[in-house]
Amino acid sequence: MEQPLDEKDLERKLKKEHKAREKEEKKLRAKQKEAARLQAQAASDGARKSEKKQKKKGAIDENPEDFVDPDTPTGQKKLLASQMAKQYSPSAVEKSWYTWWESSQYFVADAASSKPPFVIVLPPPNVTGALHIGHAITVAIEDAMIRWRRMSGYNALWVPGMDHAGIATQVVVERKLMRERKLSRHDLGREKYLSEVNNWKDQYGGTILRQLRMLGASLDWSRECFTMDSRRSKAVTEAFVKLYKEGLIYRDIRIGHWDCTLRTAVSDIEVDYLELKEETLLVVPGYNIPVQFGVLISFAYPLEEGLGDIIVATTRIETMFGDTAIAVHSQDERYKHLHGKYAIHPFNGRKLEIICDDELVKTNFGTGAVKITPAHDTEDFKAGKRHNLDFINIFTDDGNINENGGSQFEGMPRFTARAAVIDALKAKGLYRGMKNNEMKLGRCSRTNDIVEPMIKPQWFVNCNTMAKAALDAVKSKEIEIIPPQYEQDWYRWLENIRDWCISRQLWWGHRVPAWYVTLEDDEEKDMGSYIDHWIIARNENDAILEAEERYPGKKYQLDQDPDVLDTWFSSSLFPLSIFGWPDDTADLSTFYPTSVLETGLDILFFWVARMVMLGILLGGDVPFQKIYLHPIIRDAHGRKMSKSLGNVIDPIDVINGITLEGLQKKLEQGNLDPDELEKAKEGLKKDFPDGIPECGTDALRFALISYTSQSDKINLDIKRVHGYRLWCNKLWNAIRFAMIKLGDQYTPQTTVVVDSMPPVCRWILSVLNKSVGKTVSSLEAYKFSEATSSIYSWWQYQLCDVFIEAIKPYFNDSQEFEAARGASRDTLWLCLNTGLRLLHPFMPYVTEELWQRLPQPKEACMKDSIMISEYPSTVQEWENDQVENEMEIVLDAVSKLRSLRPPTDIHERRPSFVLCRDLEIAATVQCYQAQIATLASVSSLKILIEDDPSPPGCATNIVNKDLAVYLQLRGALNTEVEHEKLRKRREEVQKQHDTLSQKMNASGYREKALQSKQDDDMKKLASLLEELEIISEAESKLVANN
């Protein structure tokens, strides 16, 4: 039973209940007030929605055709719809502009122009090739450079060309012949085969050039060339003759990579290396069953004089038919008694001397005894030269065992012979076993055949003196390599350069301009038997004249070398040959040397270094002043792009979009084996479950350029490309807004008085000025990703997110804003006109289309196209650091206010307050009060000073020591959440304070730091302490008000 309350307790209870009732009534009144406000807002919103519905009903009368571009005749300026489409469509925007640019000859450079030249040579793509992502990044970067320079007043020339691509083209045509007619080139013969190649080139060649147009490449098509056209062929012949006469080209028998499928030597760049860890079975062209690699086979060679045997180990046992010695280490005690003795070859009886070669032999590898096959191994070749050994070739050109294998093995394919040799050794009791062996295996990237080291007579270029000139050009800064870290690779390669094998045993290519004289009384009649019987000449007539002079009165036969020159030889002459060298042309004197060579870092040596060597020697100057090397593109996971992984990205698919089914169908049309095909399909399904959305050329170009900040590899994510396509829609909407707000009668002013404009207009022009300066300086420094970042940030975060939103209240037809409205129109037009020109080199299509819709000043002489308009430069009158500093405070305040809005009602406008503890801050907030309210989406903004009481029922945020913001939440205020925000802010500021304090108290700070720096740090430390006090005060008020 409860005890009765005394009088005092009863009084206290009544007071407590009274207070509780008052509190409940207060809450009820607040709820009623809030309900009334919401009801009023709902009525207002209903009226607005009704108005919108009426507008939409009126829109039924719109003619849909007003939003569709009319058909434009090819080559004419694009006809635009009378109304802008409501959504950006890449395919609609990118239509028709290119043919008009080209027919207007905007891409054509003039050799007689007084403008300074800026010249780029497009790395010539393969004539039968198709566009891949490497071409896309090349085009994106080079076209951005050339459009920027053209707009900046340069005589800009970008030269297109195609490479005959000897091996690549021959592989394609040979496969076609075998697939369709079951014929090899040898079945057809040289003349008929070359006719087939030319037919193929005429039918399919140039596909990539049509695709380059799709990418917006502003190439001077009037100067288009082909490495095997008559002028380029003349240059190739002249270069060969000159180099030969200067003693730099010679003929010799050397070892090199041989492709048994193509029956030709191949260069290092055509060889991919597989890293094998253990026994591995690989599919090899021409073999029905996989071939074993990754093993070390041991067998015994019998020794003469009954000394027993010596065990050797090899990864290529079939080459034993070419063994001419066995090497051991001079200090290896196991074999000292055998120095100078002989082993006997078990299949042909050849005596193999046991020699000492400490350079070749590693005592801890294999058995410490090494079989030497000088004609079929690079290191053995060197050993053969050192010891004057016999060089015995055991393979035919197509990879079968020749007569040197003996009747038992002659005619066997090399890898069939591998197994046969093992069986034969077992039968003789000489086989000693097999074990796993880590190794690198060379495979031709064109045919997938295993390359075979083979000795062949070839033509070589002595590169020593040319390499030194190329080294000096970079060291003296005649040529600048960007990024600079690749200079060391340049030095390393050129300092260790080897002579360059320039002959290939192909039929498609520049025929070697060498003729062999076979005299009637020569004992050896095979071509090349006598090194001094070669004649180097520009044509057959010149060769005949020299033969008559060299061998007067003698009967002879003259035959041209059937070999062709390495494709890289003609490509290395490209910066010279495209301008008419060896003739003295106007183009050569105006445009050589070129300005910059832009390419992938993977061909720095195979192409770039050789261009420099030949350019200096034959052209008398470096071929370009700068080398810019772009990163290699990989997939989003960092993997190398490979058809077998299904991660190869076709830029055309990114531009147009493609379904998953479409991607998989393209894989099926390739030449993957069934297992690889299924694996590739799974890869596609994982990476592109919904296919690739249509992104358009502009978005692809912008994305690729923005990626160049990555070092040597780009991990390409299609989602990022699509993000830029969505950003194009943002640009589109910005122009649509502008066209509405500018109105049909608006005429831009040729000059504006910036000082009389509203602060927000002065601010946007000032930050635009900074973006222009940053973009230009980044382009000049070849920091392309920084240029795209600067442009993107200005358009996205300053123009669209701030300025366009901030000026919307000026367009409510109020007389109060008449002056501000006019200034906003002028500023908006200036921003869009300048911003589109700034962006044009990176996104040519959408900027042209949007720029064409902008009204133009009457007094100005408007250019027909944005691409020949002037590129923006900084305007001193627009620079305004003060207004930028003020807007920085404003935008910080806006950000803090926005962060206070509950996620459940972010669209509801609530009253807000700004507490200013500094008169200057108060003046700034007062000046930008309307912009803060607009950008923060608050219903009102009241300025408080330090002595004013804190507004109740508000969430708060600290902007800085002099500024705090409050958003009235009332019933929605969550005290715990507000305490947590303040706690996090306290931790953040305390951390900054502690870090700075530790730095200032560190040993040597006062002695080493400049006094100005110490003063700045002291001010910052004091500011942080003040902010900590403000946070404490806010926490106390939060407790008091709740």
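Sequence order as written defines residue numbering, which begins from 1 separately in each chain. At least 70 in pLDDT is required for a residue's local features to be given in this predicted model, at least 80 for side-chain atom pairs to be given and counted, and no such filter applies to totals for whole chains, interfaces and linings, which use all residues. In computing side-chain properties, one takes all heavy atoms of the structure into account and sets aside hydrogens as well as water.

## Section: the overall build of the protein
- Numbering of helices and strands runs from the N terminus, with a helix taken as a DSSP run of H or I at least four residues long and a strand as a DSSP run of E at least two residues long. Secondary structure summary: the protein contains 33 helices and 33 strands in total.
- Only C-alpha atoms enter the radius of gyration, while the globule expectation follows 2.2 Å times N to the 0.38, with N the number of residues. For the protein, whose C-alpha radius of gyration is 39 Å, the value lies well above the compact-globule estimate of 31 Å for 1042 residues.
- With the principal axes as the frame, the protein shows a C-alpha extent of 135 × 85 × 65 Å.
- Exposed residues in this analysis have more than 50% of their type's maximum accessible area, buried residues have under 20%, and partly exposed residues fall in between, with area computed by a 1.4 Å probe over protein chains only. Burial statistics for the protein: of 1042 residues in total, 51% are counted as buried.
- Within the protein, contacts between residues separated by at least 24 positions form 76% of all contacts whose residues are at least 6 apart in sequence.
- Values of accessible area rely on a 1.4 Å probe in the Shrake-Rupley scheme; residue burial ignores everything except the protein chains shown. With an accessible surface of roughly 50,200 Å², the protein has 49% of that area assigned to carbon and sulfur atoms. In this description, contact between two residues means that some pair of their heavy atoms is separated by no more than 4.5 Å.

## Focus on the packing of helix α28 (residues 881-900) against helix α30 (residues 929-936)
- Note on geometry: axes are C-alpha line fits, over the in-contact stretch for helices, and angles between N-to-C directions span 0 to 180 degrees. The N-to-C vectors of α28 and α30 enclose an angle of 35°; their axes lie 9 Å apart at closest approach. Crossing angle aside, the handedness with which α28 passes α30 is right-handed. Residues Val 890, Leu 891, Val 894, Leu 897 and Arg 898 of α28 pack against Ile 932, Leu 935 and Ala 936 of α30.
- Just so you know the grouping, Ala, Val, Leu, Ile, Met, Phe, Trp, Tyr, Cys and Pro go in nonpolar, Asp, Glu, Lys and Arg go in charged, and all remaining residues, Gly too, go in polar. By residue class, the composition of the contact of α28 with α30 is seven nonpolar, no polar and one charged. Less than a right angle of anticlockwise turn of the near helix away from the far helix marks a crossing as left-handed, whereas a clockwise turn marks it as right-handed.

## Digging into the nonpolar core
- Residues belong to a common nonpolar core when they are buried Ala, Val, Leu, Ile, Met, Phe, Trp, Tyr or Cys residues joined through side-chain atoms within 4.5 Å. In this structure, Trp 795 and Phe 842 are the most contacted members of the largest nonpolar core, which totals 159 residues.
- Apart from the residues lying within four places of it in its own chain, the contact partners of Trp 795 are Trp 727, Leu 731, Ala 734, Cys 800, Leu 832, Gly 835, Leu 836 and Leu 839.
- Core analysis: the next-biggest nonpolar cluster, separate from the first, contains 65 residues, Cys 463, Met 466, Phe 579 and Met 611 among them.

## Looking at the pairing of strand β18 (residues 452-461)
- Taking burial as the measure, the 10 residues of β18 include nine buried ones, the bulk of the element.
- Here, a strand pair is defined by DSSP locating no fewer than two bridges between the strands. Where β18 and strand β20 (residues 500-501) come together, two bridges link them in antiparallel fashion. Considered in β20, the bridge of Phe 460 is made with Cys 501.

## What to know about the sheet that holds strand β24 (residues 556-560)
- Spatial ordering of the open sheet is given by β23-β22-β24, a layout of three strands whose pairing is antiparallel. Only two strands of the sheet have a single partner each, and these edge strands are β23 (534-536) and β24. Here the average twist between neighbouring strands, direction ignored, is 30°.
- Pairing of strand β22 (residues 514-519) with β23, which is carried by three bridges, proceeds in the antiparallel orientation. By the bridge assignment for β23, Trp 515 is matched with Ile 535.

## Considerations on the packing of helix α22 (residues 696-706) against helix α25 (residues 784-807)
- Axis separation between α22 and α25 bottoms out at 7 Å; the angle between their running directions is 125°. The angle between α22 and α25 places the two elements in the oblique class. Listed contacts from α25 to Phe 702, Ile 705 and Ser 706 of α22 are Phe 784, Ser 785, Thr 788 and Tyr 792.
- Considering only residue class, the contact of α22 with α25 consists of four nonpolar, three polar and no charged. Convention used here: angles under 35 degrees read as roughly parallel, angles over 145 as roughly antiparallel, angles from 65 to 115 as roughly perpendicular, and any remaining angle as oblique.

## Side note on helix α8 (residues 207-214)
- Among all positions in α8, only Ile 208, Leu 209, Gln 211 and Leu 212 are buried. Here the buried residues of α8 occupy an arc of 160° about the axis, which is enough to place them on one side.
- If you follow the buried residues of α8, they end up packed against α4 (133-151), β3 (161-162) and α19 (651-656).
- Note on α8: the residue one or two positions beyond its end, Gly 216, has a positive phi of about 80°. In this description, the arc belongs to the directions extending from the helix axis to the C-beta atoms.

## A closer look at the pattern of salt bridges
- For salt bridges, the criterion is a side-chain nitrogen of Lys or Arg within 4 Å of an Asp or Glu carboxyl oxygen. Scanning all chains against the criterion turns up 55 salt bridges.
- Across the pair Lys 176 and Glu 180 runs a salt bridge, and its minimum N-O distance is 3.3 Å. With Lys 176 and Glu 180 both in helix α5 (residues 166-181) and four residues apart, this pair spans about one turn of that helix.
- Between Glu 546 and Arg 550 there is a salt bridge; the shortest N-O distance is 3.0 Å. A residue pair is termed a helical-turn pair when its members lie 3 or 4 positions apart in one helix, as Glu 546 and Arg 550 do in helix α14 (residues 540-550) at four residues.
- Assessed through its relative accessible area of 30%, Glu 546 is described here as partly exposed.
- What makes Arg 550 partly exposed here is its relative accessible area of 31%.
- Residues participating in the shared-partner salt-bridge network are Arg 316, Arg 414, Asp 449 and Glu 452.

## Side note on the packing of aromatic side chains
- A pair of Phe, Tyr and Trp rings is counted when the ring centres sit within 6.5 Å of each other, with Trp represented by its six-membered ring. The angle between the planes then sorts it: under 30 degrees is stacked, over 60 is edge-to-face, the rest tilted. Inspection of every chain in the model, using the stated rule, returns 34 aromatic pairs.
- Arranged with centres 5.8 Å apart and planes meeting at 90°, the rings of Tyr 724 and Tyr 792 form a pair that is edge-to-face. Highlighted residues: Tyr 724 in helix α23 (residues 718-742) and Tyr 792 in helix α25, separated in sequence by 68 residues.
- Tyr 724 gets classed as buried once you look at its relative accessible area, which sits at 12%.
- Three or more aromatic residues joined by ring pairs make a cluster, and in this case those are Phe 702, Tyr 724, Trp 727, Tyr 792, Tyr 797 and Phe 842.
- If you follow Arg 610 out to its NZ or CZ, it ends over the ring of Trp 500, 4.1 Å from the centre. Here, a charge over a ring means that NZ of Lys or CZ of Arg falls within 6 Å of the ring centre while also lying within 35 degrees of the ring normal.

## So, the confidence of the model for the protein
- For every residue, the predictor assigns a confidence score, pLDDT, that lies between 0 and 100. Here the protein shows a mean pLDDT of 89. Residues at 70 or above account for 92%.
- Contacts of residues 31-60 to residues separated by more than four positions or lying in other chains number four contacts, the stretch itself having pLDDT below 50.

## Observations regarding the environment of Ile 167
- Relative to the assigned elements, Ile 167 resides in helix α5.
- Note: C-alpha distance between Ile 167 and Ser 873 (706 residues apart in sequence) is 48 Å.
- Those residues in contact with Ile 167, other than ones at most four positions away along the chain, are Leu 262, Ala 265, Val 266, Glu 270, Arg 446, Leu 506 and Thr 567.

## Some remarks on the sheet that holds strand β14 (residues 351-356)
- Spatially, the four strands line up as an open sheet ordered β13-β14-β12-β15, and their pairing is mixed. Of all the strands in the sheet, the pair left with one neighbour each is β13 (342-344) and β15 (369-372). With strand direction ignored, the average angle separating the axes of adjacent strands in the sheet is 30°.

## Here we look at α28
- Here the expected length of a helix is defined as 1.5 Å per residue gap, with one fewer gap than residues. Taking 1.5 Å as the rise per residue, α28 with 20 residues should run 28 Å; its terminal C-alpha atoms sit 29 Å apart, in good agreement.
- Pairing of N or O atoms within 3.5 Å defines a polar contact, subject to two protein rules: one partner must be a possible hydrogen donor and the other a possible acceptor, and residues neighboring in sequence count only if both atoms are side-chain atoms. Among the residues of α28, the N-terminal cap falls to Asn 880, whose side-chain oxygen and the backbone nitrogen of Gln 882 are separated by 3.3 Å.

## Quick notes on a negative patch on the surface
- Exposure above 30% relative accessible area and no salt bridge define the residues that can form patches, which grow by joining like charges within 9 Å and nonpolar side chains of Val, Leu, Ile, Met, Phe, Trp and Tyr within 5 Å. Counting rule for charge: Lys and Arg are taken as positive, Asp and Glu as negative, and neither His nor the chain ends is counted. Taken as the charge location is NZ of Lys, CZ of Arg, CG of Asp or CD of Glu. On the surface, Asp 675, Glu 676, Glu 678 and Glu 682 cluster together into a negatively charged patch.
- Within the secondary structure layout, Asp 675 lies in helix α21 (residues 674-687).

## Concerning the pairing of strand β10 (residues 295-302)
- In terms of residue burial, β10 counts as a mostly covered element, since seven of its eight residues are buried.
- Relative to strand β16 (residues 431-436), β10 is paired through five bridges, and the arrangement is antiparallel. In the sheet register, Ser 298 faces β16, and the bridge partner there is Gly 433.
- In this structure, β10 lies alongside strand β11 (residues 309-314), joined through six bridges in antiparallel fashion. Residue pairing in the sheet places Tyr 301 in a bridge with Ile 310 of β11.

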